[in-house]
Amino acid sequence: MKKLLILTGGGDCPGLNAVIRGVAKRARKEKDWEVFGCIEGFNGVFNSPHELIKLTSTKTAGIHVRGGTILKTTNKANPINFPVLQSDGTTKYIDRSDELVERLKSLNFDAIINIGGDGSQKISKALYNKGIPIIGVPKTIDNDLSATDITFGFHTAVQIATDSFDKLVTTAESHHRVMIMEVMGRDAGWIALYSAIAGGAEICLIPEIPYDVRKLVKRIETRYRRGRGFVNIVIAEGAKPKEGTITAAAGEKGSEHVRLGGVAYQLSKQLKDAGCKAEIRETVLGHVQRGGSPIAFDRILATLFGVKAFELAKEKKFGNMVAFKNNQITYVTLEEATKQPNFVSKDLYLVQAAKGLNITFGD
Ligand code: F6P
């Protein structure tokens, strides 16, 4: 029997379970493959005893509908930069990749499928370069990977943000308020841009287009002058003003990233300081955007990624990441996959169209 190991790393995302099921079901058809899951990223291999589970049909049946990941995940187990808590309370980062390679080799897997975002793809590339037969599957609600047109989880997050936006519109209208809705996305404004267009926002603030707060106040005043106005703003958690900074950063020990979140409150203060007279309320959507069931599109995309990832493993096409390009399920090298992130460009038609719809970016 050939053995395949699958794992999820980084933040969770709706659709992870659909990939796991896609891989396992497709592998089962071959009769000579066994699929195992590694618990909590590569920790399942680092831990003694190893935490590996056999993904039988009982384990994977119906899981494509569920959010999260049955394999658990972590963003604090990067083998190249592994956080180790010291006795004095500080954290030291060490390279455990050679140790991981040794452990993986001794486990004799014929293929490894690593589902994760940009950080996980970089880890896969490093492991592949050290001789591990690995294939990447891209995931992130942020949609910030350039090698794939869309990542699963993104449209589910946009749907959740849009549903929330719709709810905020009716209360904004009733109270003549300015509503600020903060969405995730790290340094990419995709969730904000899509939900601003889907919901019909007046203002959309994204990291790629720094805003001038005076222009925002002007837009708000114009809306209010026309009658008993209300304004709905979508702000991405990584958005920044042209002058000064507002990134709400809180460090977390061992985490790969600086935590974002809270810019809605800072924008609210900035608007007041710049003379905005309207009542303002803030909503930080946070992790609800990542939770729950994936929408049908994401279930399908994730399932197809799983099937394709297994097929690449069967064909020994290691060192690649599955991708969705020009409406096709395809693959790119991990080298290509990790070259550059996917940010919103100012010249993108989506941005121009949003401006045409009178959505202000504050630039
Ligand atoms: O990358 C996905 C994401 O949800 C970002 O949009 C967000 O900034 C971050 O993860 C939150 O990470 P955590 O779950 O560690 O707080």
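Everything numeric here is computed off the predicted structure, so don't read it as measured data.

### As for the domain arrangement of the protein chain
By a widespread convention, an interface's size corresponds to the accessible area lost as its parts come together.
Thinking step 1. Structurally, the protein chain comprises domain 1 (2–152 + 294–337) and domain 2 (156–291).
Thinking step 2. Placing a centre on the C-alpha atoms of domain 1 and another on those of domain 2 gives a separation of 33 Å.
Thinking step 3. Of the residues lining the interface, 20 residues belong to domain 1; the matching set on domain 2 comes to 17 residues.
Thinking step 4. Carbon and sulfur atoms supply 53% of the area buried between domain 1 and domain 2, which totals about 1,600 Å² over both sides.
Thinking step 5. Across the pair R290 and D12 runs a salt bridge whose closest N-O atoms are separated by 2.9 Å.
Thinking step 6. Here domain 1 is connected to domain 2 by four residue pairs in polar contact (both at pLDDT 80 or more).

### So, the sheet that holds strand β7 (residues 134–138)
Thinking step 1. With mixed pairing, seven strands are arranged side by side in an open sheet as β3-β2-β1-β6-β7-β12-β13. The open sheet has two edge strands with one neighbour each: β3 (52–54) and β13 (328–333). Ignoring strand direction, the axes of neighbouring strands in this sheet form an average angle of 30 degrees.
Thinking step 2. In this structure, β7 lies alongside strand β12 (residues 320–325), joined through two bridges in parallel fashion. Along β12, the bridge assignment pairs I135 with N320.

### Re the site of the ligand
Thinking step 1. Taken together, N75, I141, D142, M184, G185, R186, E237, H287 and R290 make up all the residues around the ligand.
Thinking step 2. At a separation of 2.9 Å, an oxygen atom of the ligand approaches a polar side-chain atom of H287.
Thinking step 3. One of the side-chain nitrogen or oxygen atoms of R290 is found 2.9 Å away from an oxygen atom of the ligand.
Thinking step 4. Protein chains shield 82% of the accessible area of the ligand, which is 400 Å² for the free molecule.
Thinking step 5. Looking at side-chain class alone, the shell around the ligand contains two nonpolar, three polar and four charged residues.
Thinking step 6. Looking at the shell around the ligand, you find at least three residues from each of domain 1 (2–152 + 294–337) and domain 2 (156–291).

### A closer look at unusual backbone geometry
Thinking step 1. The omega angle of the peptide bond from S48 to P49 is -5 degrees, so this bond is cis rather than trans.
Thinking step 2. Positionally, P49 belongs in the loop between α2 (43–46) and β3.
Thinking step 3. One non-glycine residue, N108, adopts positive backbone phi at about 60 degrees.
Thinking step 4. By the secondary structure assignment, N108 is in the loop between α4 (97–107) and β6 (111–116).

Rules behind the numbers
- Residues numbered from 1 in each chain as written.
- Predicted model: local features only at pLDDT ≥ 70, side-chain atom pairs only at ≥ 80, totals over all residues.
- Heavy atoms only, no water.
- Domains from an automatic or database assignment.
- Contact = heavy atoms within 4.5 Å.
- Buried area = accessible area lost by both parts, 1.4 Å probe.
- Salt bridge = Lys/Arg side-chain N within 4 Å of Asp/Glu carboxyl O.
- Polar contact = N/O pair within 3.5 Å; in protein donor to acceptor, adjacent residues only side chain to side chain.
- Pairing = 2+ DSSP bridges.
- Helix = DSSP H or I, 4+ residues; strand = E, 2+ residues; numbered from the N terminus.
- Axes fitted to C-alpha atoms, helices over the stretch in contact; angles between N-to-C directions.
- Near = heavy atom within 4 Å.
- Areas by Shrake-Rupley, 256 points an atom, 1.4 Å probe, with all protein chains shown as cover.
- Nonpolar A, V, L, I, M, F, W, Y, C, P; charged D, E, K, R; others polar.

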